[in-house]
Amino acid sequence: MSEQNTVILNSSGIERALTRIAHEILERNKGIDDLVLVGIRTGGDHLAAELARRIETIEGQGIELGAVDITMYRDDLGSRGSLPVGKTDILFSIDEKKVVLVDDVLFTGRTIRAAMDALMDLGRPRSIQLAVLIDRGHRELPIRPDYVGRNVPTAREEDIEVRFDQDNRAVEVRLIKQQGRGGN
Amino acid sequence: MAFGHKHILGIEPLSREDIFTILDTAEGFKEINSRDIKKVPTLRGRTIINAFFENSTRTRLSFEIAGKRLSADTVNISSSGSSVAKGETLEDTARNIEAMRPDIIVMRHGASGAPHYLAERLDCSVVNAGDGAHEHPSQALLDLFTMREKKGRLEGLEVAIVGDISHSRVARSNLYALNRVGANVRLAGPGTMLPPEVDRLGARVCNRIEEAIEGADVVMMLRIQLERQAKGGPLLPSLREYSRFYGLNPDKLTLAKPDAIVMHPGPMNRGVEISSSVADGSRNVILDQVENGVAVRMALLYLVAGGESEDKD
């Protein structure tokens, strides 16, 4: 099995994409009133933290930040076995809030479906928006992102990997073409 | 990374990694129990049968709530009022239950090894909720969860277990689990309540409770099973004497570390193995154990529901 890697975004590309998304979120929501960020573990929570830092710099005011673990909401328990369950840390009420859900890669949309179910169990947000660093297509559910870092056309059997450094900053996005093996 | 056990029959077949997987999974589930909406859809459409052939309030309720909070359908049966009272054998009862296609049977039974017997014969998962004087794995796991939560670690903890060691499935499961995670166990109890060859269990055996408690981080008191006293001939001269020599009171507790915690699996005999002032005192974590029990049992049900490979034993 051989691997072929292509770097799609380097760290400055990621920086620019996140800065643009931060501005788009603020523009569309007209500031940060009632706005909260919730990242999907693991990956989305780190990106949500980076977006929160940028929004704070732009607005000069902090924004509520949470993380959701969707393992308990997955629809593939029987076929994948029991994956480790992480913690959901949303220490504020999401009732009547505009929630921006953040994930690294948008693929089938099943993760987002699960994350929305998880949020609904915690309260009744006024709205949920979706921000992703990479949209790679192949949706299986009627879900679309509101903010996208980069659209990357992919084949189903390819893989997208977002790498984080030890400080949980996204440093690189790679497209991995695997030969001699089916996709996931 | 997936959990490899289809059944939870005891702590003995579990590795150190398995134990930590269960405890870490329970951390994730604990948060659900403090929400307004205490329910996640994880086991939607699964059927769990709680078959309790021996009395239980806490464990049965805890498993039932755990199943319901995971959105499974839970059904309870007990021996009184069921066909067991009419003389049906365990295997026939189980085969009939299985014909209704449950996914998990949670079983308590007075005979040691009963869940193992079923696990060999049935297709569904079996979770042991206490079998005879053998094991009570979910209790030991919730005890470890509570110790780790209160003490921040398990390795190197000094744990005293006091009471009727030989008839206690709680003691046995805790002993296996604590040994596996690197805690040090001291056992104390009257000679009639220590199993033969007790020194081979991997614990320090103390004749006096004071010796076991001294410098301990955790003091776990076991219930004196009064029903056993009545049935098989007395193991104790009198409860008063037991209480004097092996009961935990504030005086004896001063021998433990200043931040030691007091545990009891319940139900307590106040004034026998534990004095009321200790049972209600600031060091007791007895209700934390009960609270954590739900999260730990949610983790067990979740993990066996996705566990793929067969257990050997």
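As shown above, the structure is provided for reference.
Q: In this structure, what is going on with the overall build of chain A? I would like to understand it.
A: Helix and strand counts for chain A come out as 4 helices and 8 strands. For chain A, whose C-alpha radius of gyration is 16 Å, the value lies close to the compact-globule estimate of 16 Å for 184 residues. With respect to the principal axes defined by its C-alpha atoms, chain A has extents near 50 × 40 × 30 Å. Within chain A, the fraction of its 184 residues that count as buried is 52%. When contacts within chain A are restricted to residue pairs at least 6 apart in sequence, long-range pairs at least 24 apart make up 68% of them. Accessible area for chain A stands at about 8800 Å²; split by element, carbon and sulfur atoms hold 44% of it.

Q: I'm lost on the overall build of chain B in this one. Help?
A: Regarding its fold elements, chain B presents 12 helices and 9 strands. In terms of overall dimensions, chain B is globule-like: its C-alpha atoms have a radius of gyration of 19 Å, near the 20 Å expected for 313 residues. Its C-alpha atoms give chain B principal-axis dimensions of about 55 × 45 × 35 Å. Within chain B, the proportion of its 313 residues that are buried is 56%. At a minimum sequence separation of 6, the contacts of chain B that also span at least 24 residues come to 74%.

Q: When you look at the interface of chain B and chain A in this model, what are you seeing that I'm missing?
A: Interfaces are frequently sized by the accessible area removed from exposure as the parts join. In this complex, chain B contributes 24 residues to the contact, which on the side of chain A involves 17 residues. With both sides pooled, the region where chain B packs onto chain A buries about 1600 Å², and carbon together with sulfur makes up 60% of that total. Where chain B touches chain A, the interface holds 2 residue pairs in polar contact (both at pLDDT 80 or more). Those elements that place two or more of their residues in the side of chain B that touches chain A are helix H1 (16-30) and helix H12 (286-306) of chain B. Taken together, the residues of the side of chain B that touches chain A break down into 12 nonpolar, 5 polar and 7 charged.

Q: Whenever I open this one, unusual backbone geometry confuses me. Can you help?
A: Outside of glycine, negative phi angles account for most residues, and trans bonds account for most peptide bonds. Looking along the chain, the bond that leaves Arg41 of chain A and enters Thr42 of chain A is cis, with omega of -15°. Among the structural elements, Thr42 of chain A can be located in the loop between strand E2 (35-40) and helix H2 (44-59). That bond from Gly266 of chain B to Pro267 of chain B is cis: its omega, -10°, falls within 30 degrees of zero. Position of Pro267 of chain B among the secondary structure elements: in the loop between strand E9 (261-263) and helix H11 (276-279).

Q: Looking at this structure, how should I read the pattern of salt bridges?
A: Any two side chains of opposite charge can pair, given that their charged atoms come close. Considering all chains together, one arrives at 33 salt bridges over all chains under this definition. Ionic pairing is found between Asp146 of chain A and Arg144 of chain A, a salt bridge with its closest N-O pair at 3.4 Å. A salt bridge links Lys257 of chain B to Asp217 of chain B; the nearest nitrogen and oxygen atoms lie 3.0 Å apart. With Lys257 of chain B in the loop between helix H10 (250-253) and E9 and Asp217 of chain B in the loop between helix H7 (209-213) and strand E8 (218-221), the pair connects residues that are 40 residues apart, well separated along the chain.

Q: Would you explain helix H1 (residues 11-29) of chain A in this entry?
A: All names here are of chain A. Here H1 spans 27 Å end to end across 19 residues, near enough to the 27 Å set by a 1.5 Å rise per residue. Listed as buried for H1 are Gly13, Ile14, Ala17, Leu18, Ile21, Ala22, Ile25, Leu26 and Asn29. Immediately downstream of H1, the backbone of Lys30 shows phi near 55°, a positive value.

Q: Can you walk me through the pairing of strand E2 (residues 73-78) of chain B in this structure?
A: The side chains of a regular strand alternate, residue by residue, between the two faces of the sheet. Residue and element names in this part refer to chain B. Sheet topology places strand E1 (residues 47-52) next to E2; 6 bridges connect them, and they run parallel. Counted as the bridge partner of Phe52 is Ser78 from E2. At this point the chain moves from E1, through helix H2 (residues 58-69), to the parallel E2, and the crossover so formed is right-handed.

Q: Quick question: what am I supposed to make of the packing of aromatic side chains here?
A: How two aromatic rings sit relative to each other is set out by the distance from centre to centre and by the angle between their planes. Residues and elements named next belong to chain B. In the structure shown here, the tally under the stated rule is 2 aromatic pairs over all chains. On the numbers, 5.5 Å between centres and 70° between planes, the contact of Phe29 with Tyr302 is edge-to-face. With Phe29 in helix H1 and Tyr302 in helix H12, the pair connects residues that are 273 residues apart, well separated along the chain. On the basis of relative accessible area, Phe29 is assigned to the buried category, the value being 0%. Here the guanidinium or amino end of Arg297 rests over the ring plane of Phe63, the centre of that ring lying 5.0 Å away.

Q: How do you make sense of the sheet that holds E1 of chain B when you look at a structure like this?
A: What holds strands together in a sheet is hydrogen bonding between their backbones, with the strands either parallel or antiparallel. Residues and elements named next belong to chain B. The 4 strands are arranged E2-E1-E3-E4 in an open sheet whose pairing can be described as parallel. Strands at the two margins of the open sheet, each flanked by one partner only, are E2 and strand E4 (125-131). Averaged over all adjacent pairs, the angle separating strand axes in this sheet is 15°, with direction ignored. Sheet contacts for H2: E1, E2, strand E3 (104-109) and E4; angle to E1, the most-contacted strand, approximately 180°.

Q: What's the story with the packing of helix H5 (residues 137-151) of chain B against helix H6 (residues 169-180) of chain B in this structure? I'm lost.
A: Between two packed helices, what matters for the description is the angle formed by their axes and the separation of those axes. All names here are of chain B. Relative to each other, H5 and H6 sit at 55°, their axes nearing to 8 Å. By the angle class used here, H5 and H6 are oblique. Read as a crossing pair, H5 and H6 show a hand that is right-handed. For the pair H5 and H6, the contacting residues are Pro137, Gln139, Ala140, Asp143, Leu144 and Met147 in the first and Val170, Ser173, Asn174, Ala177 and Leu178 in the second. Class assignment for the residues of the contact of H5 with H6 results in 7 nonpolar, 3 polar and 1 charged.

Q: Help me understand the sheet that holds strand E1 (residues 3-9) of chain A, please; the structure alone is not making it clear to me.
A: Residues and elements named next belong to chain A. Sheet architecture is open: 3 strands sit in the order E1-E8-E7, paired in antiparallel fashion. The open sheet terminates on both sides in strands that have one partner only, identified here as E1 and strand E7 (159-164). The mean angle between the axes of side-by-side strands here comes to 30°, regardless of whether they run parallel or antiparallel. The sheet contact formed by E7 and strand E8 (residues 170-178) spans 6 bridges and is antiparallel. Paired with Val162 across the strands is Val173, a residue of E8.

The rules behind these values
- Residues numbered from 1 in each chain as written.
- Chains lettered and ligands numbered in written order.
- Predicted model: local features only at pLDDT ≥ 70, side-chain atom pairs only at ≥ 80, totals over all residues.
- Heavy atoms only, no water.
- Helix = DSSP H or I, 4+ residues; strand = E, 2+ residues; numbered from the N terminus.
- Rg over C-alpha atoms; globule rule 2.2 N^0.38 Å.
- Buried < 20%, exposed > 50% of the residue type's maximum accessible area, 1.4 Å probe, protein only.
- Contact = heavy atoms within 4.5 Å.
- Areas by Shrake-Rupley, 256 points an atom, 1.4 Å probe, with all protein chains shown as cover.
- Buried area = accessible area lost by both parts, 1.4 Å probe.
- Polar contact = N/O pair within 3.5 Å; in protein donor to acceptor, adjacent residues only side chain to side chain.
- Nonpolar A, V, L, I, M, F, W, Y, C, P; charged D, E, K, R; others polar.
- Salt bridge = Lys/Arg side-chain N within 4 Å of Asp/Glu carboxyl O.
- Expected span 1.5 Å × (residues − 1).
- Pairing = 2+ DSSP bridges.
- Right-handed = clockwise from strand over helix to strand, strands pointing away.
- Phe/Tyr/Trp six-rings, centres within 6.5 Å; stacked < 30°, edge-to-face > 60°.
- Lys NZ or Arg CZ within 6 Å of the ring centre and 35° of its normal.
- Axes fitted to C-alpha atoms, helices over the stretch in contact; angles between N-to-C directions.
- Parallel < 35°, antiparallel > 145°, perpendicular 65-115°, else oblique.
- Left-handed = near helix turned anticlockwise from the far one by under 90°.

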